Amino acid sequence: MIVCVCNNISDREIRQAIDMGISSMDELREALGVATCCGNCLSYAVEVLDEHLGSGLQETVLKRPSLTV
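These notes cover the structure that comes with them. Not measured: the values here are computed from a predicted model. (Residues numbered from 1 in each chain as written. Predicted model: local features only at pLDDT ≥ 70, side-chain atom pairs only at ≥ 80, totals over all residues. Heavy atoms only, no water.)

All right, on to the pattern of salt bridges then. In the structure shown here, the tally under the stated rule is 2 salt bridges. Notably, a salt bridge pairs R29 with D26, separated by 3.1 Å at the nearest N-O pair. A residue pair is termed a helical-turn pair when its members lie 3 or 4 positions apart in one helix, as R29 and D26 do in helix 2 (residues 25-32) at 3 residues. Taking the relative accessible area as the measure of exposure, D26 reaches 55% and is therefore exposed. (Salt bridge = Lys/Arg side-chain N within 4 Å of Asp/Glu carboxyl O. Helix = DSSP H or I, 4+ residues; strand = E, 2+ residues; numbered from the N terminus. Buried < 20%, exposed > 50% of the residue type's maximum accessible area, 1.4 Å probe, protein only.)

Its place among the elements puts H52 in helix 3 (residues 42-55). On the accessibility criterion, H52 (6% relative accessible area) is buried. Reaching out from H52, the side chain makes a polar contact with the side chain of D19 at a distance of 2.9 Å. (Polar contact = N/O pair within 3.5 Å; in protein donor to acceptor, adjacent residues only side chain to side chain.)

Let us look at the nonpolar core. In terms of nonpolar packing, the biggest core is built from 15 residues, with I14, M25, L28, V34, C41 and A45 touching the most fellow members. Sorting the residues of this core by element identifies strand 1 (2-4), helix 1 (11-19), helix 2 and helix 3 as the ones contributing at least two each. Apart from residues lying up to four places away in sequence, L28 is in contact with I14, A17, I22, G33, V34 and L49. (Core = buried A, V, L, I, M, F, W, Y, C linked by side-chain atoms within 4.5 Å. Contact = heavy atoms within 4.5 Å.)

In structure tokens, the structure reads:
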């Protein structure tokens, strides 16, 4: 889902950035440009950041689950 319409940033991109070491909204702004234009995405971007940091997940968009039969 697109979080930041102005800069076309998705929740997946935010999660991937967190997996690569970003841990604050200021770092997200600097790295991806989230919430740097109109600011309407700020609350949802913070929600995605907090949820992903708290979940302990280290999965990125590039990983695929392995299927076991």
